[in-house]
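# Breakdown of the fold
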Amino acid sequence: MKQIITAGIAALSLAACSSGSEDTEPDTTKGLAVQEWGMVDGKQVHLYTLTNAKGNTVTITNYGGIVTSWMAPDKAGNKANIVVGFDSLAPYLQKHPYFGALIGRYANRIGDARFILDGVTYQLAANNGKNHLHGGNKGYDKVVWEVKPVVDSVPALTLTYHSPDGEEGYPGNLHIEVIYTFTDEDELLIEYSASTDKATPVNLTNHAYFNLSGDMGTTILGHTLQVKADAYTPVDTTLITTGERRSVEGSPFDFRTPHTIGERIADVPGGYDHNFVLAREGAELEKVAVLSDSVSGRKLEVYTTEPGMQFYSGNFLDGTIRVNGGNLLQKHGALCMETQHFPDSPNKPDFPSVVLKPGEKYHTITKYKATL
Ligand code: BGC
């Protein structure tokens with residue numbers, strides 16, 4: 001059974017999702033539709049459809065806080081899905097490379113799967129060779145998030161998760177809240193908040209894979225990217241940052257002016273999988289990257305309060321996973337722009353601190369805007 005909530009310009013509330021409607025299709029008017037999507041860990045999983053005033057939609061599940069689709073128009077007005085996802089819950093429960101998911105407690109890698117904080121060594125799961133990746137064996141991408149009632153004039157969803165002390169080896173009970181909002185300007189706003197009762201490293205992001213053509217059978221090598229970054233953080237052979245911030249000048253990492261991704265990728269061993277040091281003006285939400293596809297005319301702007309962005313060109317995609325639209329997602333079939341603090345910061349004292357202490361509030365905002 002599906003429950004439908006429509007908002008119009010009136011307030012909408014998940015708390016009021018008791019309409020009992022038996023409709024099977026998402027409502028096409030602005031608002032939030034909810035459908036049951038299966039069970040995980042004995043908990044009900046739902047799929048939420050956020051529809052804006054233009055009739056464009058984003059779908060999000062509370063399993064892993066995953067963005068499963070985003071329908072955006074091309075220059076001819078044809079809508080297509082610009083993020084990689086699956087049409088049902090079952091494939092998300094199999095191994096997949098974090099499609100669209102919320103990532104934590106620590107996004108990206110922690111070298112040798114350990115860190116020292118206040119004199120104590122914390123051992124984490126080595127789930128990426130000898131390193132720790134994206135929160136460990138069961139990160140926030142694999143848990144069922146609670147959904148809190150939302151009251152707003154635009155479709156929004158508040159997800160909360162309580163990460164217990166010791167989960168995946170991290171210290172402290174961490175309470176996390178993520179608010180997804182889909183605006184009438186086709187912006188997907190993601191607001192992350194967290195608080196802890198013990199000092200702990202925190203680095204939250206979303207792992208959406210984009211292909212603006214809407215055809216997941218193609219590659220992103222012809223997409224054009226611009227990133228406001230004068231430096232990037234080089235990595236060793238296991239993709240752990242060396243601690244250096246290296247100028248992008250004269251290198252294939254210089255995206256200060258737009259370049260196609262394929263233009264210089266052959267000069268980057270393995271392809272792009274690097275953190276860019278964003279050239280920020282201040283601490284507020286700022287535009288830091290623009291991705292565009294000249295064929296469809298679609299663009300995606302990235303705004304964030306974070307100091308870094310991982311540009312991952314889908315190097316490990318290998319044509320073995322069948323995704324939405326029925327295509328096998330090939331190497332470079334989609335890319336990620338994960339806003340974040342720098343990889344392995346817990347072991348890199350010169351990088352901006354990622355330690356959240358009791359009494360402090362973790363708060364970051366990232367916005368993706370689909371435009372033409
Ligand atoms: C990492 C890649 C990794 C991918 C999927 C990205 O954030 O930088 O190295 O393969 O996530 O796990």
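All values derive from a computational prediction rather than experimental measurement.

### Observations regarding the side chain of Thr-196
The residue Thr-196 is located in strand β17 (residues 187-196) in this model. By relative accessible area, which is 9% here, Thr-196 ends up buried. A polar side-chain atom of Thr-196 sits 3.5 Å from the main-chain carbonyl oxygen of Asn-173. Among the polar contacts listed, one links the side chain of Thr-196 to the backbone oxygen of Lys-198, at a separation of 2.6 Å. Once you skip the residues sitting within four places of it in the chain, Thr-196 turns out to touch Gly-172, Asn-173, Leu-174, Leu-356, Lys-357, Pro-358 and Gly-359.

### What to know about the domain arrangement of the chain
Along its sequence, the chain is carved into domain 1 (2-208 + 348-371) and domain 2 (224-346). Measuring from the centre of the C-alpha atoms in domain 1 to the corresponding centre in domain 2 gives 20 Å. If you sort the residues of domain 1 by the area they bury against domain 2, Arg-109, Lys-348 and Phe-351 come out on top, with a joint share of 19%. Summed over the shared surface of domain 1 and domain 2, the number is 1 salt bridge. Of the charged contacts, one joins Lys-348 and Asp-344 as a salt bridge, the two residues approaching to 2.7 Å between their closest N and O atoms.

### Some thoughts on the environment of Thr-121
Looking at where Thr-121 falls in the secondary structure, it is placed in strand β11 (residues 120-123). Taking the C-alpha atoms as reference points, Thr-121 and Ile-365, separated by 244 residues in sequence, lie 30 Å from one another. In contact with Thr-121, not counting residues within four places along its chain, are Arg-114, Phe-115 and Ile-116.

### So, the site of the ligand
Near the ligand there are 13 residues, and of these Arg-109, His-134, His-207, Asp-273 and Glu-338 occur at the shortest range. The separation between an oxygen atom of the ligand and a polar side-chain atom of His-134 is 2.9 Å. A distance of 2.4 Å separates an oxygen atom of the ligand from a polar side-chain atom of Asp-273. In isolation the ligand exposes 310 Å². Once the protein is present, 94% of that is buried. Of the residues contributing to the shell around the ligand, the split by class is 6 nonpolar, 4 polar and 3 charged. Counting contributing residues, the shell around the ligand receives three or more from each of domain 1 (2-208 + 348-371) and domain 2 (224-346).

### Considering the sheet that holds strand β23 (residues 246-247)
Strand order in the open sheet formed by 6 strands is β20-β29-β28-β25-β22-β23, with antiparallel pairing between adjacent strands. Each edge of the open sheet is held by one strand with a lone partner, namely β20 (209-210) and β23. Taken together, the 4 bridges between strand β22 (residues 229-233) and strand β25 (residues 273-278) define a ladder with antiparallel strand orientation. Note on β25: the bridge partner recorded for Thr-233 is Asn-275.

### Looking at the packing of aromatic side chains
One pair of aromatic rings is described through two measures. These are the centre distance and the angle between the planes. Within the structure shown, the criterion is met by 22 aromatic pairs. Pairing Phe-276 with Phe-311 gives two aromatic rings, centres 6.3 Å apart and planes at 50°, and the pair type is tilted. A residue pair is termed long-range when its members are at least 10 positions apart, and Phe-276 in strand β25 and Phe-311 in strand β28 (residues 308-312) qualify at 35 residues. Overall, Phe-276 belongs to the buried group, its relative accessible area being 0%. Taking relative accessible area as the criterion, Phe-311 reaches 0% and is therefore assigned buried. Three or more aromatic residues joined by ring pairs form one cluster here, namely Trp-37, Phe-86, Tyr-92, Phe-99, Tyr-209, Tyr-312 and Phe-316. Residue placement shows Arg-264 over the ring face of Phe-255; its charged tip is 4.8 Å from the ring centre. Over the ring of Tyr-303 we find Lys-367; its NZ or CZ atom is 4.3 Å from the centre of that ring.

### What about the confidence of the model for the chain?
Close inspection of predicted coordinates is inappropriate for parts of the model with low pLDDT. In the predicted model, the chain carries a mean pLDDT of 93, and the fraction of residues at 70 or more is 92%. Counted against residues more than four places away or in other chains, residues 1-24, with its pLDDT under 50, gives 64 contacts.

### Focus: unusual backbone geometry
With an omega of 10°, the peptide bond running from Gly-104 to Arg-105 counts as cis. Of note, Arg-105 is situated in the loop between β8 (102-103) and β9 (109-110). Of note, the phi angle at Tyr-98 is positive, near 65°, even though the residue is not glycine. Despite not being glycine, Asp-344 shows a phi value in the positive range, around 60°. Locating Asp-344 in the fold gives a position in the loop between β29 (335-340) and β30 (355-356).

Conventions and cut-offs
- The written sequence of each chain sets the order in which its residues are numbered from 1.
- Owing to the predicted nature of the model, reporting of local features is limited to residues with pLDDT of at least 70; listing and counting of side-chain atom pairs is limited to 80 or more, with chain, interface and lining totals taken over all residues.
- Side-chain calculation: all heavy atoms of the structure are included, whereas hydrogens and water are not.
- We count a stretch as a helix when DSSP gives it H or I for four or more residues in a row; a strand needs E for two or more, and each element gets its number in order from the N terminus.
- Only protein chains enter the accessibility calculation, which uses a 1.4 Å probe; a residue is then buried when its area is under 20% of its type maximum, exposed when over 50%, and partly exposed in between.
- Under the rule applied, a polar contact is a pair of N or O atoms within 3.5 Å (in protein, one hydrogen donor and one hydrogen acceptor; residues adjacent in sequence only if both atoms are side-chain atoms).
- Any pair of residues with heavy atoms lying within 4.5 Å of one another is described as a contacting pair.
- An automatic or database domain assignment is the source of the domain bounds shown.
- Two parts lose some accessible area (1.4 Å probe) when they are put together, and adding that loss for both gives the buried area.
- By convention in these notes, a salt bridge is any Lys or Arg side-chain nitrogen within 4 Å of a carboxyl oxygen on Asp or Glu.
- The cutoff for a nearby residue is simple: one of its non-hydrogen atoms must lie within 4 Å of the molecule or strand.
- Per-residue accessibility takes into account occlusion by the displayed protein chains alone, with areas from the Shrake-Rupley method and a 1.4 Å probe.
- As a working rule, the residues Ala, Val, Leu, Ile, Met, Phe, Trp, Tyr, Cys and Pro are called nonpolar, Asp, Glu, Lys and Arg charged, and the rest polar, with Gly in that last group.
- Strands are labelled as partners when DSSP assigns at least two bridges between them.
- Note on aromatic pairs: the rings of Phe, Tyr and Trp (six-membered ring only in Trp) are paired at centre separations within 6.5 Å, and the planes decide the class, stacked below 30 degrees, edge-to-face beyond 60, tilted for the rest.
- Placement of a positive charge over a ring is assigned whenever Lys NZ or Arg CZ falls within 6 Å of the ring centre and within 35 degrees of the normal to the ring plane.
- On a range of 0 to 100, pLDDT expresses the predictor's confidence in each residue.

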